[in-house]
Amino acid sequence: MDKSMRLDRFLADMAVGTRSQVKEMARQGRIQVNGATVKKADTRIEPGRDVVFCDGQRIDYAKNEYYMLNKPQGVVSATEDNLHETVLDVIRKNPPRTFEGDGIEEGQRARGPRRKDLFPVGRLDIDTQGLLLITNDGDLAHRLLSPKRHVDKTYFAKVEGRLPEDVKERFWNGITLSDGAGLMPAKLEIVTPLEKEEPRGIQEVLLTIGEGKFHQVKRMFEAVGCRVVFLKRLSMGSLKLDERLKPGEYRELTKEELAMLEHV
Ligand code: URA
């Protein structure tokens, strides 16, 4: 199979510039392939075999990139936004975190995302924090988000109000939201219950849902007379938030995490 591709496509994929900018850079003699200056941007090269330098910097090709972000509050789960900072802005601002023994090659450390076609897999509300996968792998995203697959998502929430006695059963039996949408069974665990005599207060809970309807977690608690005041996603399928990541920090997925996602 022909594994070659055009030089301008290679460099544009790696966010060096648009294809026309890359063409101009080549014309100016700023690109070398295997040590020789290449002035024609339509030259075919083979990623992984040919060594490409641009302005003296080596450019390695990445077909797919996978990052786990601990999404901070105040940023939107989008690739572009006129008003707010996006999760893509967050990961392009700083290099990824690396941890001892995470299997990420030395040469890749501290360089950060290269692909220009990265996107967040699904959405978290602007005020929700926690696990968000960012990739350019459309097949994986499709598998994780497909309504047919019911990939479990677990959230930690702080909920204001008093949860009804039978809330666990009601969630487990599938509640109906205010717009009439009937939900699938969801598993609720109450981490810190209210004292009996306390009429209202904050309870900490864990909720696992297999769907991803708009504002689903907040609307589920609204349906039982309570209000979510803090929400954080902890897991999506087999992928668990690395708690070493502070809000706004991210890292590459490990080989093991990627292998587990293959089976979604
Ligand atoms: N449910 C919500 O209400 N908000 C989120 O961000 C995710 C799930």
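All values reported here derive from a predicted model rather than from experimental measurement.

Parameters at a glance
- Residues numbered from 1 in each chain as written.
- Predicted model: local features only at pLDDT ≥ 70, side-chain atom pairs only at ≥ 80, totals over all residues.
- Heavy atoms only, no water.
- Helix = DSSP H or I, 4+ residues; strand = E, 2+ residues; numbered from the N terminus.
- Buried < 20%, exposed > 50% of the residue type's maximum accessible area, 1.4 Å probe, protein only.
- Contact = heavy atoms within 4.5 Å.
- Areas by Shrake-Rupley, 256 points an atom, 1.4 Å probe, with all protein chains shown as cover.
- Lys, Arg positive; Asp, Glu negative; His and termini not counted.
- Charge placed at Lys NZ, Arg CZ, Asp CG, Glu CD.
- Near = heavy atom within 4 Å.
- Polar contact = N/O pair within 3.5 Å; in protein donor to acceptor, adjacent residues only side chain to side chain.
- Nonpolar A, V, L, I, M, F, W, Y, C, P; charged D, E, K, R; others polar.
- Domains from an automatic or database assignment.
- Phe/Tyr/Trp six-rings, centres within 6.5 Å; stacked < 30°, edge-to-face > 60°.
- Core = buried A, V, L, I, M, F, W, Y, C linked by side-chain atoms within 4.5 Å.
- Pairing = 2+ DSSP bridges.

Trainee: Looking at this structure, I do not really get the overall build of the protein chain. What am I missing?
Mentor: The helix and strand tally for the protein chain stands at seven helices and 15 strands. Dimensions along the principal axes, computed over C-alpha positions, put the protein chain at roughly 80 × 40 × 30 Å. For the protein chain, the proportion of its 264 residues judged to be buried stands at 45%. For the protein chain, long-range pairs separated by at least 24 residues make up 66% of all intrachain contacts whose partners lie at least 6 apart in sequence. Counting only carbon and sulfur atoms, one obtains 49% of the accessible surface of the protein chain, whose full area is about 14500 Å². Side chains of the protein chain carry 45 positive and 43 negative charges; the gap between the two charge centres is 5 Å.

Trainee: I would appreciate a short explanation of the site of the ligand in the present structure.
Mentor: Lining the immediate environment of the ligand, one finds Leu-124, Asp-125, Thr-128, Tyr-155, His-215, Gln-216, Val-217, Lys-218 and Leu-231. Contact between the ligand and Gln-216: an oxygen atom at 3.5 Å from a main-chain N or O atom of the residue. At a separation of 3.1 Å, an oxygen atom of the ligand approaches a polar backbone atom of Lys-218. Against a free-state accessible area of 240 Å², the protein chains account for coverage of 95% of the ligand. Element by element, the count of residues in the shell around the ligand is highest for helix α6 (residues 216–222), at three residues. Of the residues belonging to the shell around the ligand, the class tally is four nonpolar, three polar and two charged. Domain assignment of the residues forming the shell around the ligand places at least three in each of domain 2 (66–137 + 244–261) and domain 3 (153–236).

Trainee: Help me out: how do you make sense of the packing of aromatic side chains in this one?
Mentor: The geometry of an aromatic ring pair comes down to the distance between the two centres and the angle between the two planes. Under the definition given, this model contains four aromatic pairs. Measuring from ring centre to ring centre gives 5.1 Å for Phe-10 and Tyr-61, while their planes differ by 25°; the resulting arrangement is stacked. In this pair, Phe-10 is assigned in helix α1 (residues 7–13) and Tyr-61 in the loop between β6 (57–59) and β7 (66–71), connecting sequence segments 51 residues apart. The class for Phe-10 is buried, based on a relative accessible area of 1%. Ring plane angle 75° and centroid distance 5.4 Å describe the contact between Phe-171 and Phe-221, whose orientation is recorded as edge-to-face. Taken as a pair, Phe-171 in helix α5 (residues 167–173) and Phe-221 in helix α6 lie far apart in primary sequence, 50 residues in all.

Trainee: What's the story with the nonpolar core in this structure? I'm lost.
Mentor: Generally speaking, soluble globular proteins have nonpolar side chains that are buried together. In this structure, Phe-171, Leu-207, Met-220 and Phe-221 are the most contacted members of the largest nonpolar core, which totals 34 residues. At the level of elements, β7, α3 (87–93), β9 (128–135), β10 (153–160), α5, β12 (202–209), α6 and β13 (227–236) are the ones that each hand at least two residues to this core. The element best represented in this core is α3, accounting for four residues. Both of domain 2 (66–137 + 244–261) and domain 3 (153–236) provide at least three residues apiece to this core. Not counting the four nearest positions on each side in its chain, Phe-221 is found in contact with Val-159, Leu-163, Phe-171, Leu-188, Val-205, Leu-207, Cys-226 and Val-228. In terms of nonpolar packing, the next biggest core, distinct from the first, is built from 17 residues, Phe-10, Val-22, Ile-31 and Ala-62 among them.

Trainee: What should I look at first to understand the pairing of β13 in this one?
Mentor: Consecutive side chains along a regular strand alternate between the two faces of the sheet. Examined bridge by bridge, β9 and β13 share three bridges and lie parallel to one another. What sits directly across from Gln-129, in β13, is Lys-232. Here β10 runs beside β13; their pairing, made up of eight bridges, is antiparallel. The partner of Phe-156 across the bridge, within β13, is Lys-232.

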